[in-house]
Each structure stands twice: as structure tokens, then as C-alpha cells.
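Chain by chain, the residues run as shown.
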Amino acid sequence: MKKKLYNVAIAGATGVVGKEFLKILEERNFPVGEIRLLASERSAGARLEFKGKEEPVRLLDEETFEGIDIGLFSPGASVSAKYAPKAGKAGCIVVDNTSQFRMDPDVPLVVPEVNPEAIAGYKKKNIIANPNCSTIQMVVALKPIHDKYRIKRIVVSTYQSVSGAGKEAMEELSEQVRNLFNMRSPEVKVLPHQIAFNCLPQIDSFLENGYTKEEMKMVNETRKIFGDDTVRVTATTVRVPVFVSHSESVNIETEKPITPQEVKKLLSKAPGVTVVDDPKEGLYPMPIDAAGLDDVFVGRIRKDESIENGINMWIVSDNLRKGAALNAVQIAEVLIKDYI
Ligand code: NAP
Ligand code: 3JM
């Protein structure tokens, strides 16, 4: 029997997430029929390689999504707001990477290792939301612990790479480093302050409550994905001068007694997780090792000695892969296997 092929559109194809989509569809041999690459007028007419062939980039503005089965979207929140519903109405199932629809009660927010069953809810709008990169890697590591010990509270601090802010932020870090080594003053264009040799405790904009939008994404998305509003979450999100992979220091308090040994055992069997935890040998997850890989890496698993049932851990993952494009392609894989 001939394998069924699916027509796929990538909105934001020329971005860092968009290019990762192309790589991952090819690597995982996703059954693509037509591939339609979409971006703004800045890139319309450019070409990108897919499966050894040069494919043209078209203007998203004129797109009707007629004949497209799956839309992988990462063109920014306001652009998704405009085009994802249009695509959905035309019968294209959109997996959207922006924050636009994540908290919409009619849109499922999915991490396939954690809540694959939620995908069934896509039919209302034909849109499925991909969570924020920092949320994804944290919930992949915490879900097995929550299921067994019930997590009451999560305190997370992130160390997020510049690729999370797109291609221009990556160029900004390179340029600032070059300028500083050449005795020139670094230029600040995309990120709120100099990022070279610095840390910025601001990702996305500030809200009335003193938190950033990125921090509140971690709070609200975690609860929606766990389907549990009683989990208390508090976050501090920080941009660091790393190109790819986000790191997180995560502290959890559980209802049931828990030990680091139990957590290590549980996580070494967990889907999508690799435990790297041998401090005597200097082994723990680091962004340079996780970049380009699929798993969520967990180490520094130890008891929080300040409370009764507490654990500290260090979670690292490639934000462009599991944190964005890979998670979305995994959702599309479940869609074609179980739904369409
Ligand atoms: P990027 O490298 O700056 O790329 C942005 C992409 O969007 C480019 O392809 C750009 O096309 C396209 N674009 C921008 N404005 C557009 C418009 N008006 N119409 C059509 N296309 C437009 O950014 P990125 O890192 O790939 O991230 C893109 C978006 O994905 C983010 O804004 C965010 O919402 C989301 N994101 C999600 C996650 C996640 O799910 N975890 C992680 C990172 C990012 P041109 O080449 O024409 O400029
Ligand atoms: C990651 O256009 C925008 O406002 C996009 C900002 C953005 C987001 C977001 O809010 O969609 C940049 C980088 C994200 C995200 O994953 O939440």
C-alpha cells in the first residue's frame, strides 16, 4: 500500500524555529507531500533546502492554506493571531509555536510525553498550541514525579539562550562579542541590554504584577498541561549569553516523601529524558552538550534539606528542538497516527 503523504506549510520558515522544522521533518522522515514555505516580504522569493531540493519561500500574506493538511507556525504571536484561524477554517490543522492561543480553552496545549490525550481537543479551532520552550523541558522532567509523588510547588529559575529570541538575537550576541574584542562599543538592537558577558533578568515584557510575560507563561502553561490548577509555580526567567539550549534550576516540594535516588530511577525510565548525574566525575547537563539533541537532560538531583519533601535539580534541553520544532513535529506525528 502506498504511504499516505501530507501537505505541510511552514509559516515563519526562514526563522531559527522554521529552519529547525525543515531539518526535523527530514530527519524523522515525516511523510511530506507538498512543502509550502511562508515568510514575510523580507524573505519572499528566497530559497531553502528541503530533502536535497531548493524550495521557494512565499509571502504568507497571500496564502489561502487550500490543500494544506498541517501548518507548522512560528511567525510571531501577532502573525499567528491573524493567519492560524484562517488556516484552521480552510481545513488545515495548525500546530502553533507562539504564545497566541496557548491559554485559549478551545485550544489544546500539548507535550506528547505529558498529555498526548489533549490533542483530541483540536477540532474546535483546528489549532493545537506548542508550549513555551522553558515550560516544555520542565514538564517533561516533572510529569513522572507529579504522577507518583504529587508536586505541590515548583520554584524555577531559567538560564535561557539567545536563540529563544530568534535569529537577530543570535546575531546580536556574535556582533557584541566581536565588537568588544575589537575595542568597539557593543550595539544593543534586539535584546533590552548588552547580552555579551552579561545576564538579563528580563525575557519578554513586564506585567503589572512585577513578573515578565515569560515567567507567567511558565506558571499558567504548566498548570494547563498538567490539568491541575492546584500546583503552585513561581518563576524567574533570565537571558544568558549562550547560543542554543536553555538551562533551569528547579526546586520542587511534593506531597509524598521523596528521595533523590527514587527521582533518578524514575527519570531514567521516563520518555524523552536522559539523566546525566555523576558529580564526582564532573558529569551534569550543560547547554553545549544538549544543543542538537532531542532529549531533556536532568542532573544535580539532590535533596532540598530546608524542607520535608523537597528536591533540587538542573534541567537542560535544546530550546529550538524539544523546546519548539521537535515538540511540534511530535504533535503532528500523533495527529497523523491517531486522528487524520
Ligand atoms: P526568528 O528567527 O526571528 O524568525 C521569525 C520568522 O517569522 C521568520 O521566518 C520571519 O520571516 C517570519 N515572520 C516575521 N514576521 C512575519 C510576517 N509579518 N509574516 C510572515 N512571516 C513573518 O524567530 P524564531 O525564533 O524562529 O521564532 C518565531 C516565533 O516562534 C516567535 O516569535 C515565537 O512566537 C515562536 N517561538 C516559539 C517557541 C516555542 O514554541 N517554544 C520558541 C521560540 C519561538 P522573514 O524571514 O521574512 O523575516
Ligand atoms: C518565544 O511576536 C511575539 O510576540 C513573539 C514573542 C515570542 C514568544 C511568544 O510570546 O510567542 C518570542 C519567543 C515566544 C514563546 O514561545 O512564547
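Anything mentioned here points back to the structure above.
Residues numbered from 1 in each chain as written. Chains lettered and ligands numbered in written order. Predicted model: local features only at pLDDT ≥ 70, side-chain atom pairs only at ≥ 80, totals over all residues. Heavy atoms only, no water.

Novice: How should the sheet that holds strand β1 (residues 6-11) be read in this particular structure?
Specialist: Working definition: the strands of a sheet are paired by backbone hydrogen bonds and lie parallel or antiparallel to each other. Reading across the sheet, the seven strands line up as β3-β4-β2-β1-β5-β6-β7 and stay open at both edges, with mixed pairing between neighbours. Sheet topology places β3 (47-50) and β7 (127-129) at the edges, where each strand pairs with a single neighbour. For this sheet the average axis-to-axis angle between neighbouring strands, irrespective of direction, equals 25 degrees. Judged from the five bridges that link them, β1 and strand β2 (residues 32-39) form a sheet pairing that is parallel. (Pairing = 2+ DSSP bridges. Helix = DSSP H or I, 4+ residues; strand = E, 2+ residues; numbered from the N terminus. Axes fitted to C-alpha atoms, helices over the stretch in contact; angles between N-to-C directions.)

Novice: What is the right way to look at the pattern of salt bridges in this model?
Specialist: Scanning the entire structure with this criterion turns up 22 salt bridges. A salt bridge links Asp-294 to Arg-28, with the nearest nitrogen and oxygen atoms 4.0 Å apart. Taken together, the residues Asp-294 in the loop between α7 (287-290) and β12 (296-303) and Arg-28 in the loop between α1 (16-27) and β2 connect sequence positions 266 residues apart. Judged by relative accessible area, Arg-28 falls into the partly exposed class, the value being 31%. (Salt bridge = Lys/Arg side-chain N within 4 Å of Asp/Glu carboxyl O. Buried < 20%, exposed > 50% of the residue type's maximum accessible area, 1.4 Å probe, protein only.)

Novice: What is the right way to read the nonpolar core from this model?
Specialist: Soluble globular proteins: nonpolar side chains tend toward being buried together. With 52 residues, the main nonpolar core has Leu-142, Ile-145, Ile-154, Val-250, Ile-252, Val-298 and Met-313 as its most contacted residues. Examining the composition of this core, we find that eight residues originate from one element, helix α3 (residues 133-149), more than from any other. Residues contacting Met-313, with those up to four places away along its chain left out, are Leu-142, Ile-145, Glu-248, Ser-249, Val-250, Ile-252, Val-263, Val-298, Gly-299, Arg-300, Ile-301 and Arg-302. Judged by nonpolar contacts, the second largest core, of 45 residues, contains Leu-22, Ile-24, Ala-39 and Leu-335. (Core = buried A, V, L, I, M, F, W, Y, C linked by side-chain atoms within 4.5 Å. Contact = heavy atoms within 4.5 Å.)

Novice: Can you walk me through the packing of aromatic side chains in this structure?
Specialist: In this description, a pair of aromatic rings is defined by centroid distance and the angle of the planes. Summed over the entire model, instances satisfying the criterion amount to four aromatic pairs. A centroid spacing of 5.1 Å and a plane angle of 70 degrees characterise the contact between Tyr-159 and Trp-314, whose relative ring orientation is edge-to-face. Taken together, the residues Tyr-159 in strand β8 (residues 151-160) and Trp-314 in strand β13 (residues 310-317) connect sequence positions 155 residues apart. The class for Tyr-159 is partly exposed, based on a relative accessible area of 36%. With a centroid separation of 6.1 Å and 85 degrees between ring planes, the pair formed by Phe-181 and Phe-197 is classed as edge-to-face. Of this pair, Phe-181 sits in helix α4 (residues 167-181) while Phe-197 sits in the loop between α4 and α5 (213-226), placing them 16 residues apart in sequence. Look at Phe-181 and you get exposed, because its relative accessible area is 61%. (Phe/Tyr/Trp six-rings, centres within 6.5 Å; stacked < 30°, edge-to-face > 60°.)

Novice: When you look at the site of ligand 2 in this model, what are you seeing that I'm missing?
Specialist: The immediate surroundings of ligand 2 are formed by Gly-76, Ala-77, Asn-97, Thr-98, Ser-99, Arg-102, Asn-132, Gly-164, Asp-204 and Lys-217. One nitrogen or oxygen atom from the side chain of Ser-99 is found 2.6 Å from an oxygen atom belonging to ligand 2. Here an oxygen atom of ligand 2 and a side-chain polar atom of Arg-102 are 2.8 Å apart. Burial of ligand 2 by the protein chains amounts to 62% of its free accessible area of 390 Å². Applying the majority rule of atoms within 2 Å of the grid points places ligand 2 in the largest pocket. Taken together, the residues of the shell around ligand 2 sort by class into one nonpolar, six polar and three charged. (Near = heavy atom within 4 Å. Polar contact = N/O pair within 3.5 Å; in protein donor to acceptor, adjacent residues only side chain to side chain. Areas by Shrake-Rupley, 256 points an atom, 1.4 Å probe, with all protein chains shown as cover. 1 Å grid on protein atoms, 1.4 Å probe; cavity = no way out; pocket = protein on both sides within 12 Å on 5 of 7 lines; lining within 4 Å. Sits in = over half its atoms within 2 Å of the grid points. Nonpolar A, V, L, I, M, F, W, Y, C, P; charged D, E, K, R; others polar.)

Novice: Please clarify how the environment of Leu-72 should be interpreted in this entry.
Specialist: Looking at where Leu-72 falls in the secondary structure, it is placed in strand β5 (residues 70-73). Leu-72 gets classed as buried once you look at its relative accessible area, which sits at 1%. The sequence separation of Leu-72 and Asn-309 amounts to 237 residues, and the corresponding C-alpha distance is 41 Å. Those residues in contact with Leu-72 that lie beyond four places of it in its chain are Val-8, Ala-9, Ile-10, Ala-11, Phe-21, Leu-25, Val-95, Ala-328 and Val-329.

Novice: What's the story with the site of ligand 1 in this structure? I'm lost.
Specialist: Around ligand 1 lies a shell of 27 residues, among which Thr-14, Ser-40, Arg-42, Ser-43 and Gly-323 are the nearest. Within the side chain of Thr-14, one N or O atom sits 2.4 Å away from an oxygen atom of ligand 1. The protein chains hide 81% of the 910 Å² of surface that ligand 1 would expose on its own. More than half of the atoms belonging to ligand 1 lie within 2 Å of the grid points that define the largest pocket.

Novice: It is not clear to me how α1 should be interpreted in this structure. Could you clarify?
Specialist: One turn of the α-helix equals 3.6 residues, which is why residues spaced by three or four share an orientation. In a regular helix each residue adds 1.5 Å, so twelve residues correspond to 16 Å; α1 covers 17 Å between its end C-alpha atoms and thus fits that length. Those residues of α1 that sit buried are Val-16, Val-17, Gly-18, Glu-20, Phe-21, Leu-22, Ile-24 and Leu-25. The inward-facing, buried residues of α1 abut β1, β2, β3, β5, α4 and α8 (321-339). Just beyond α1, the residue with positive phi is Asn-29, at close to 55 degrees. (Expected span 1.5 Å × (residues − 1).)

Novice: Hey, could you run me through the sheet that holds strand β10 (residues 246-254) in this one?
Specialist: Strands sit in the order β9-β8-β10-β13-β12-β11 across an open sheet of six strands; the sheet is mixed. The open sheet has two edge strands with one neighbour each: β9 (232-239) and β11 (273-275). Sheet twist, expressed as the average angle between the axes of neighbouring strands with direction ignored, equals 20 degrees. Sheet topology places β12 next to β13; six bridges connect them, and they run antiparallel.

Novice: How should I be thinking about the layout of surface pockets in this particular structure?
Specialist: If a probe the size of a water molecule is rolled over the atoms, the empty space left behind becomes visible. The volume enclosed by the largest pocket comes to roughly 1400 Å³. Contributions of two or more residues to the lining of the largest pocket are made by α1, α2 (77-89), α4, α5 and α8. By residue class, the composition of the lining of the largest pocket is 19 nonpolar, 21 polar and ten charged. (Points joined across faces, edges and corners; volume = space filled by probe spheres on them.)

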